[in-house]
Amino acid sequence: MQQSFIIKNPSVLVFLAILALFTLGVTLLSEGAGAGFISTSFIKTLGKTLCLCLIAVAMDLIWGFTGILSLGHFAFFGLGGYMIGMWLMYERTRLIVVESLSQSEIPATTAEITDAIGHQIFGVVGSSDFPLIWAFADSLFLQLALVVIVPGILALIFGWLAFRSRVTGVYLSILTQAMTLALALYLFQNDSGLRGNNGLSGLQNLPGVTASQDMVSLWFFWGSALALGLGYMLAAWIVSGKFGSVIRGIRDNEARVRFLGYSVEVYKLVVFTLTACIAAIAGALYYPQAGIINPAEIAPIASIYLAVWVAIGGRGRLYGAVIGAALVSLLSSWFTGGQAPDIPLGFATIKWVDWWLVLLGMSFVLVTLFAPKGIGGLIELWTERRTPDRHGADLGPDAGALREQEAQQ
């Protein structure tokens, strides 16, 4: 009887158990549950951290296991945020407009309501007309579908063009970075239909929901934890089977895998598109907790940071990607939030708000030089040093061979 991949990979079960205990502990200590030990703002920080862990898993799948250093996956992350942000902003504005116009003695027409919504949303860029890309903004179901469809189609087209041309290595990384830069520059324009540099704001307010922000932040935290758990299981299932063996072969020796008859381009395209969709789902959960999204979030530097997180955690190890993203995200919030105490040196004062990026860069260099396998590699090194426990397993290749207990007599 074939064993499930979870039984063959107990680390997945361990990860899910830790994630479940962490989620339960944070919930019980939150303000929304009444304990009040963890503030609502920190709940949002933890929820956003879980979303960053999810995109780190996607990055590890495309880079750590397939060998494609994509410097554009934060573009898909941002697109997912924009897709859900369009519905959040439209519906919230619609409710405000309808309530305002209901006070008039003459009932407003549908056209008047639409014009008022458009003026409220796009007045900041000197327009009141809805662009074509907002055609489905009034439908939550369709916008949720677009969270996956839009980034997925972009990744599919870009990947097909790049992989069929057999662009590899640093050239492919440059192409993905160029795609991200082009998208960010386009979104900065006021006529892009997404409010240019102003972006979409007020996303933390769920339309029609009267619950407090304490509870809303917990809902998003739970959703982020669930998405991370499912995403981790999906990635672990992919890499544990034949598909995972093939993509690791592509990473190690692409020419040999192609010689064996495998369609390398198809495997690359599937992984690239799938990880783009996972990144988009992470972004759709992240930005309602952040409350705002603008084109600066899609800048190429964000995708470079993502690669740094995975490298620090240990690429080629799914749990390493999670550790790296969580560690860097929480430390970044601590250092840049002014919580880290300044260090006076007499002639100067080290302010961590200014020096955090320098510290992050130094950490990346040190990990690359002295721990190339990252934090996950250090964990593996520790586990490998433990005494193997075979529980009387056969020491020889055949059943009934000399057993451990017999060898010790």
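The structure contained in this document is the topic of the report that follows. (Residues numbered from 1 in each chain as written. Predicted model: local features only at pLDDT ≥ 70, side-chain atom pairs only at ≥ 80, totals over all residues. Heavy atoms only, no water.)

1. Concerning the nonpolar core
Operational definition: For this analysis, a nonpolar core means a set of buried residues of the types Ala, Val, Leu, Ile, Met, Phe, Trp, Tyr and Cys, connected via side-chain atoms within 4.5 Å. Accessibility here uses a 1.4 Å probe with only protein chains present; expressed as a share of the type maximum, an area under 20% marks a residue as buried, one over 50% as exposed, and anything in between as partly exposed. Secondary structure counts use DSSP, requiring at least four H or I residues in a row for a helix and at least two E residues in a row for a strand, with both numbered from the N terminus. Here, residues are in contact when the closest pair of their heavy atoms is within 4.5 Å.
With 109 residues, the main nonpolar core has Phe 74, Phe 77, Tyr 82, Trp 134, Leu 200, Leu 228 and Leu 318 as its most contacted residues. Of all the elements, helix 3 (residues 40-65) adds the most residues to this core, at 16 residues. Those residues in contact with Leu 228 that sit more than four places away from it in its chain are Phe 15, Leu 19, Leu 50, Cys 53, Leu 54, Val 57 and Val 322.

2. Brief notes about the side chain of Thr 93
You can see Thr 93 is positioned in helix 4 (residues 73-101). In contact with Thr 93, not counting residues within four places along its chain, are Ile 117, Gln 120 and Ile 121.

3. Some details on helix 3
This is how the line gets drawn: In a helix, the anticipated span is given by 1.5 Å times the number of residues less one. To get the bend at any residue, fit one axis to the seven residues that end at it and another to the seven that begin at it, then take the angle between the two axes.
Between the first and last C-alpha of helix 3 there are 36 Å, a value that for 26 residues agrees with the 38 Å anticipated at 1.5 Å per step. Of all the bends in helix 3, the greatest, near 30°, is centred on Met 59. Within helix 3, 23 of the 26 residues are buried, leaving the element largely enclosed by the surrounding structure.

4. A closer look at unusual backbone geometry
Of note in the backbone geometry, Arg 166 takes a positive phi value of approximately 55° without being a glycine. By the secondary structure assignment, Arg 166 is in the loop between helix 6 (140-164) and helix 7 (169-188). The exposure class of Arg 166 is exposed, given its relative accessible area of 52%.

5. A closer look at the pattern of salt bridges
Heads up, the condition is: Salt bridges are defined as contacts in which a side-chain nitrogen from Lys or Arg sits within 4 Å of a carboxyl oxygen from Asp or Glu.
Tallying each qualifying case throughout the model produces 6 salt bridges. With a shortest N-O distance of 2.9 Å, Lys 268 and Glu 254 are connected by a salt bridge. Within this pair, whereas Lys 268 is found in helix 11 (residues 264-290), its partner Glu 254 is found in helix 10 (residues 254-259), the two being separated by 14 residues in sequence. If you follow the salt bridges from partner to partner, you end up with Arg 166, Glu 254, Arg 258, Glu 265 and Lys 268 in one network.

6. Looking at helix 6
Counted at 1.5 Å a residue, the expected span for helix 6 with its 25 residues is 36 Å, and the 36 Å between its end C-alpha atoms agrees. Its maximal kink placed at Leu 146, helix 6 deviates by approximately 35°. The set of residues buried in helix 6 consists of Gln 143, Leu 146, Val 147, Pro 151, Gly 152, Ala 155, Phe 158, Gly 159, Ala 162 and Phe 163. The inward-facing, buried residues of helix 6 abut helix 4, helix 7 and helix 11. Just beyond helix 6, the residue with positive phi is Arg 166, at close to 55°.

7. Some words on the environment of Leu 327
For Leu 327, the location among the structural elements is in helix 13 (residues 318-336). Leu 327 sits in the partly exposed class, given a relative accessible area of 37%.

8. Brief notes about the packing of helix 6 against helix 11
Applied cut-off: Axis geometry follows a simple rule: fit a line to the C-alpha atoms, using only the stretch in contact for helices, then measure angles between N-to-C directions, giving values from 0 to 180 degrees. For classification purposes, an angle smaller than 35 degrees is called roughly parallel, one larger than 145 roughly antiparallel, one from 65 to 115 roughly perpendicular, and anything else oblique. Handedness of each helix crossing follows the sense of rotation of the near helix against the far helix: counterclockwise by less than a right angle gives left-handed, clockwise gives right-handed. Residues were grouped as follows: Ala, Val, Leu, Ile, Met, Phe, Trp, Tyr, Cys and Pro as nonpolar; Asp, Glu, Lys and Arg as charged; and all remaining residues, including Gly, as polar.
At their nearest, the axes of helix 6 and helix 11 sit 8 Å apart, and the two run at 150° to each other. Relative to helix 11, the element helix 6 lies roughly antiparallel. Handedness of the helix 6/helix 11 crossing: right-handed. Contact residues: Val 147, Val 148, Pro 151, Gly 152, Ala 155, Leu 156, Phe 158, Gly 159, Trp 160, Phe 163 and Arg 164 in helix 6; Glu 265, Lys 268, Leu 269, Phe 272, Thr 273, Ala 276, Cys 277, Ala 280, Ile 281 and Ala 284 in helix 11. Grouping the amino acids of the contact of helix 6 with helix 11 by side-chain chemistry returns 15 nonpolar, 3 polar and 3 charged.

So far we have only geometry, and geometry alone does not tell us how the molecule works.
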